[in-house]
Amino acid sequence: MRLRGPDNRFKNYWAELMRDDGEPREELEPTVWPSTFPAIGYVYSGPPDGTTWVRRRLGVDDVHSPPVEVMLQSVFRLYDPFDPDTYAYLGTVEAPENVRLMDGNHDSVAGRYMGAFDEGPVIVYRVKLLEPSGN
């Protein structure tokens, strides 16, 4: 796993999205890019002795990372749970969009589904670890 920065592919894709009728938007020029994207969105530590869940962001570059085209659509639903006793990486989980974690362990997680006005029910999901791409 390594940190991913804004490479030329990302910058070119971003530039194409930022065009009005084929012309660059003046208010968005020039764009200043960081050297790397953030790797962690936030960390949720479960109840005492519970699993720690780390939400992915743009900077992780491995088989589960979203490609550039998806990164710009703000689809960041990947979590990496870690064992509370050994701190071992348990795998990667893709959560439904707009779910805020509230509680969980290695095989299930509870979250609040966030609607347009930050309202929503609490839902419990069974966890299924993602298989690496191509396997």
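Right above here is the structure, for reference.
A brief structural summary.

### Details of the nonpolar core
Working step 1: Counting residues in hydrophobic clusters, the biggest one holds 8 residues: Tyr44, Trp53, Tyr79, Val93, Ala95, Leu101, Val109 and Val127.
Working step 2: Counting residues in hydrophobic clusters, the runner-up holds 5 residues, among them Phe37, Leu58, Val68 and Met71.

### Regarding the environment of His106
Working step 1: Topologically, His106 is positioned in the loop between β7 (99-104) and β8 (108-113).
Working step 2: Given the relative accessible area of 53%, His106 is considered exposed.
Working step 3: In the structure, His106 is positioned 53 residues away from Trp53 in sequence and 9.4 Å away in space, judged by C-alpha atoms.

### Observations concerning unusual backbone geometry
Working step 1: Positive phi is not limited to glycine here, since Tyr87 has a value of about 65°.
Working step 2: When you line up the elements, Tyr87 lands in the loop between β5 (78-82) and β6 (93-94).

### Notes on the sheet that holds β8
The strands making up a sheet associate through backbone hydrogen bonding, with each pair oriented either parallel or antiparallel.
Working step 1: On the basis of which strands lie adjacent, the open sheet formed by 3 strands has the order β7-β8-β9 and antiparallel pairing. Where the open sheet ends on each side, the last strands, each with one partner, are β7 and β9 (122-126). Direction aside, the axes of adjacent strands within the sheet are offset by 35° on average.
Working step 2: Of the strand pairs in this sheet, β8 and β9 are connected by 5 bridges, and their pairing is antiparallel. By the bridge assignment, Gly111 is partnered in β9 with Ile123.

### Digging into the side chain of Arg4
Working step 1: Residue placement: Arg4 occurs in the segment before α1 (8-17).
Working step 2: Assessed through its relative accessible area of 11%, Arg4 is described here as buried.
Working step 3: Those residues within four positions of Arg4 in sequence are excluded, and the remaining contacts are Thr36, Phe37, Leu58, Gly59, Val60, Asp61, Ser65, Pro66 and Met71.

Cut-off values and rules
Residues numbered from 1 in each chain as written. Predicted model: local features only at pLDDT ≥ 70, side-chain atom pairs only at ≥ 80, totals over all residues. Heavy atoms only, no water. Core = buried A, V, L, I, M, F, W, Y, C linked by side-chain atoms within 4.5 Å. Buried < 20%, exposed > 50% of the residue type's maximum accessible area, 1.4 Å probe, protein only. Helix = DSSP H or I, 4+ residues; strand = E, 2+ residues; numbered from the N terminus. Pairing = 2+ DSSP bridges. Axes fitted to C-alpha atoms, helices over the stretch in contact; angles between N-to-C directions. Contact = heavy atoms within 4.5 Å.

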